[in-house]
Amino acid sequence: GDRLIPVELLPLLAHEPGPDGVRTRIRVNGRTGSIEASCVDGRVHVRFDDNGLLDVVDLATSEYEFVS
């Protein structure tokens with residue numbers, strides 16, 4: 001039979017800063033950061049303010065809100 005094999009998808013879209021120099025902001029599980037890229041599967045690459053590291057967040061399974 002057919003088998004599903006999970007694959008990691010590379011970012012589909014890079015999120016460049018807007019005219020004001022600010023990227024799209026998001027709060028996930030109490031942490032705030034800037035979205036740097038998004039993938040076709042609903043995951044986003046977020047650079048969090050608290051540690052400056054880039055993390056991958058699955059928006060399909062996370063509680064989040066867009067912030068200004």
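The preceding data block contains the structure.
Summarised in this report is the structure supplied together with it. Because the structure is predicted, anything quoted here is derived from the model rather than measured.

### Focus on the overall build of the protein
Each helix and strand counted, the protein has zero helices and six strands in total. For the protein, with 68 residues in total, the buried portion stands at 25%. Taking all contacts inside the protein whose residues are at least 6 apart in sequence as the whole, residues at least 24 apart take part in 34%. Of the roughly 5100 Å² that the protein leaves accessible, carbon and sulfur atoms contribute 52%.

### Thoughts on the side chain of arginine 25
Mapped onto the secondary structure, arginine 25 falls in strand S2 (residues 25-28). Here arginine 25 falls in the buried class, since its relative accessible area comes to 19%. Only 2.6 Å separates the side chain of arginine 25 from the side chain of aspartate 49, close enough to count as a polar contact. Discounting chain neighbours no more than four positions away, the residues touching arginine 25 are Thr32, Gly33, Ser34, Asp49, Glu65, Phe66 and Val67.

### What about the side chain of serine 34?
Mapped onto the elements of the fold, serine 34 is located in strand S3 (residues 31-38). In this structure the side chain of serine 34 is engaged in a polar contact, spanning 2.9 Å, whose partner is the side chain of arginine 25. Those residues in contact with serine 34, other than ones at most four positions away along the chain, are Arg23, Thr24, Arg25, His45, Val46 and Arg47.

### Comments concerning the packing of aromatic side chains
A full pass over the atoms with the stated rule returns one aromatic pair. Between tyrosine 64 and phenylalanine 66, the ring centres sit 5.6 Å apart and the planes meet at 80°, which makes this aromatic pair edge-to-face. The cationic tip of arginine 31 hangs over the ring face of phenylalanine 48; the distance from NZ or CZ to the ring centre is 3.9 Å.

### Describing the nonpolar core
Counting residues in hydrophobic clusters, the biggest one holds eight residues: Ile26, Val28, Ile35, Val44, Val46, Phe48, Val57 and Leu59. For this core, the secondary structure elements donating two or more residues are S2 and strand S4 (43-48). Here the element with the most residues in this core is S4; it accounts for three residues. Setting aside residues no more than four positions away along its own chain, isoleucine 35 makes contact with His15, Arg23, Thr24, Ile26, Val44, His45, Val46 and Phe66.

Parameters at a glance
- Residues numbered from 1 in each chain as written.
- Predicted model: local features only at pLDDT ≥ 70, side-chain atom pairs only at ≥ 80, totals over all residues.
- Heavy atoms only, no water.
- Helix = DSSP H or I, 4+ residues; strand = E, 2+ residues; numbered from the N terminus.
- Buried < 20%, exposed > 50% of the residue type's maximum accessible area, 1.4 Å probe, protein only.
- Contact = heavy atoms within 4.5 Å.
- Areas by Shrake-Rupley, 256 points an atom, 1.4 Å probe, with all protein chains shown as cover.
- Polar contact = N/O pair within 3.5 Å; in protein donor to acceptor, adjacent residues only side chain to side chain.
- Phe/Tyr/Trp six-rings, centres within 6.5 Å; stacked < 30°, edge-to-face > 60°.
- Lys NZ or Arg CZ within 6 Å of the ring centre and 35° of its normal.
- Core = buried A, V, L, I, M, F, W, Y, C linked by side-chain atoms within 4.5 Å.

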